[in-house]
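# Observations on the three-dimensional arrangement
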Amino acid sequence: MNFKDLSLEEIIAKIKSGETSQKEVWDYFANRIKKYDEKVQAYNFVNENGFIEADINSPLAWVSVWVKDIFCEKWIPTTCASKMLENFVPPYDSTVIKNLKTAGMNSLGKLNMDEFAMGSTSESSAFRKTKNPWGINRIPGGSSGGSAAAVAAGLAPASLGTDTGGSIRQPASMCGIVGFKPSYGRNSRFWVMAMASSLDCPGTFTKTVKDAGLLYDIMNWYDEKEDTSIEGKQTINPSIWDKKDLKWYKIGLPKEYMEEWLDEGVRKVILESVEKMKELWAEIVDISLPMTKYAIATYYILMPAEVSTNLARYDGIRYGHNSTLPHENLEEVYQNNRWEWFGDEAQRRIILGSYVLSAWFYDAYYKKASQVRTLIREDFDKAFTQVDAIISPVSPNVAWKIGEKIDDPLKMYLSDAYTIPASLAGLPGISVPAGFAISEDAEKEELPVWLHILTPQFEEERLLEIAHVFETSTPYSKISPKWFED
Ligand code: GLN
């Protein structure tokens, strides 16, 4: 049986009806990984002997969900794609994994990413460069590039990722699958390696919006071990999946997100999506989010500040490698380890973060950026008094070629301009199929362009409803990359 184009929901239904078995599904994906992962390079670790036969009445019927290498998983190597954590094997599960396992998740492996989730291309992994299944010389996006590429290439039915400034929504768009980041605090961060704690959000990559809802229903839960966890649990009302139109919804298109530096092909797809939404009876409203232009600068002060404190715990002594460079004292041991085992991007952000937090510059940078963050949040609050949801491009460009922006970090940072504002405001966001555009380089490859939808904080149900109506009104979620057909 062929499972690669089936949604999680469809695979689970086939297991429950007896049409297939848990083992057949497991073997199918394990074999596809053997066959194709050499090309895609999505996996950091494959747990070949991990299959567990279990109660098929559990919600996930023991179907495998693959996991970004940032989630601690009991007795499974968890590296954050960093030499600093090579060989680290946690003795515990992160809360979201625990929730999924209780609901019947089998886990087959760990997926590649940018080192400590810093990047937009997955090129900063210390171990491998994951490829985009739509164009094998292209980046899959990042930082959760392995998670996105694995689902897009049919090597996994669904996967987990984290989104700090766009790391679920952007790679989902580049690889042509659904990427869902709930509101900050909905999915627990407990034992998910921290990048920037006030921004990190665990979420999912799936083939359909409905699958995103299925996993979200299981993952989101109040976690007493985590002090930013949201009280209670949200259960998605299944009636939202029956909606066929967007009647009564006012949807905002921010003018700041459609400005000149957007690729023409991307702009065209977004404008077509606007027309589609009108056909679905939504009212499209032009809105303004004037603080958008400060979002990247704000993020690149607050995020590195948090990175520098979160990564201070890695000294190379308890796990990872110990440097063999000569040293005179303990401080030099730390220095050598951190210099040798953190990659360039991690070191750049640690230095930047330490600088903006230093006593002399704290007011000028960190404090000011925190104030601007409040203004960005207020921008959204104001917009949401006018509209129920906001749409925009996910990224100004389609997937670019591996190596193209690696020597120019600023260029890479700018590509997150549309995802970062919602992260700073803690909003839920999703990337959904919207169309394809031809790359502006010599290769002229046809690549996915997905639509970014945002709703107010904690309005995940509304977000999933709108996303599902839109997704099922276009043919794009049914198209998969040609190279992995059989
Ligand atoms: N690309 C952004 C960065 O490099 C976002 C990363 C993320 O969301 N983890 O910071």
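I will try to describe carefully the structure that is included in this document. (Residues numbered from 1 in each chain as written. Predicted model: local features only at pLDDT ≥ 70, side-chain atom pairs only at ≥ 80, totals over all residues. Heavy atoms only, no water.)

## Thoughts on the overall build of the protein chain
To keep it simple, the criterion reads: Each helix is a run of H or I in the DSSP string that is no shorter than four residues. Each strand is a run of E no shorter than two, and both are numbered from the N terminus. For a compact globule the rule gives 2.2 Å times the number of residues to the power 0.38, and the radius of gyration it is set against comes from C-alpha atoms. We call a residue buried when its accessible area falls under 20% of the maximum for its residue type, exposed when it is over 50%, and partly exposed in between, using a 1.4 Å probe and counting protein chains only. Contact criterion: two residues are considered in contact whenever any of their non-hydrogen atoms come within 4.5 Å of each other.
A tally of regular secondary structure across the protein chain gives 14 helices and 11 strands. Taking 2.2 N^0.38 as the reference for a compact globule, 486 residues should give roughly 23 Å; the C-alpha atoms of the protein chain span a radius of gyration of 21 Å, in line with that estimate. Projected onto its principal axes, the C-alpha coordinates of the protein chain cover approximately 70 × 55 × 50 Å. Counting the 486 residues in the protein chain, one finds 62% classified as buried. Here the contacts in the protein chain between residues at least 6 apart in sequence split such that 76% fall between residues at least 24 apart.

## Some remarks on the packing of helix 1 (residues 8-16) against helix 6 (residues 209-219)
The cut-off we apply is this: Think of each axis as a best-fit line through the C-alpha atoms, taken over the contacting stretch in the case of a helix, with angles from 0 to 180 degrees between the N-to-C directions. Note on angle classes: values under 35 degrees are labelled roughly parallel, values over 145 roughly antiparallel, values of 65 to 115 roughly perpendicular, and the remainder oblique.
The interhelical angle for the contact between helix 1 and helix 6, taken along N-to-C directions, is 70°, at an axis separation of 8 Å. Considered as vectors, helix 1 and helix 6 are oriented roughly perpendicular to each other. Where helix 1 abuts helix 6, its residues Leu8, Glu9 and Ile12 lie against Lys210, Asp211, Leu214 and Leu215.

## With respect to helix 10 (residues 344-357)
Which entries qualify depends on this criterion: Helices are assigned an expected span. That span is 1.5 Å times one less than the residue count.
A rise of 1.5 Å per residue sets the reference length of helix 10, with its 14 residues, at 20 Å; its end C-alpha atoms lie 20 Å apart and thus fit the reference within 8%. Three or more residues of helix 10 are buried, namely Glu345, Ala346, Gln347, Arg349, Ile350, Gly353 and Val356. As for helix 10, its buried residues are in contact with helix 8 (295-310), helix 9 (330-341), helix 11 (363-386) and helix 12 (409-414).

## Observations regarding the site of the ligand
The condition that has to hold: Here a residue is considered near a molecule or strand provided that any single heavy atom belonging to it is located within 4 Å of it. Contacts described as polar in this section are N or O atom pairs within 3.5 Å, which, within protein, must combine one atom able to donate a hydrogen with one able to accept it, while residues neighboring in sequence count only if both atoms come from side chains. In these tables, accessible area is a Shrake-Rupley quantity obtained with a 1.4 Å probe, and a residue counts as shielded only by the protein chains included in the view. Under this grouping Gly is polar, as are all residues other than the nonpolar Ala, Val, Leu, Ile, Met, Phe, Trp, Tyr, Cys and Pro and the charged Asp, Glu, Lys and Arg.
Around the ligand, a shell composed of 15 residues is seen, among which Thr164, Gly165, Ser167, Tyr299 and Asp416 lie nearest. A distance of 3.4 Å is found between a nitrogen atom of the ligand and a side-chain nitrogen or oxygen belonging to Ser143. Here Gly165 contributes a backbone N or O atom positioned 2.7 Å from an oxygen atom of the ligand. In isolation the ligand exposes 290 Å². Once the protein is present, 100% of that is buried. Grouping the constituent residues of the shell around the ligand by class yields 5 nonpolar, 7 polar and 3 charged.

## A closer look at the sheet that holds strand 4 (residues 158-163)
So the rule is basically this: Only strands joined by at least two bridges in the DSSP assignment are considered to pair.
Taken in spatial order, the 11 strands of this open sheet run 1-3-2-4-6-5-10-11-9-7-8, and their pairing is mixed. Either end of the sheet is taken by a strand with one partner, and the two such strands are strand 1 (43-46) and strand 8 (283-287). Ignoring strand direction, the axes of neighbouring strands in this sheet form an average angle of 25°. Taken together, the 9 bridges between strand 10 (residues 429-438) and strand 11 (residues 446-454) define a ladder with antiparallel strand orientation. In the sheet register, Ile438 faces strand 11, and the bridge partner there is Glu446. Sheet contacts for helix 4 (residues 145-152): strand 1, strand 2 (66-68), strand 3 (109-111), strand 4 and strand 6 (201-206); angle to strand 4, the most-contacted strand, approximately 155°.

## What to know about the packing of helix 3 (residues 95-102) against helix 6
Between helix 3 and helix 6, the least distance of the axes is 8 Å, while the angle of their chain directions is 110°. Considering their axes alone, helix 3 and helix 6 lie roughly perpendicular with respect to each other. For the pair helix 3 and helix 6, the contacting residues are Val96, Asn99 and Leu100 in the first and Leu215, Ile218 and Met219 in the second.

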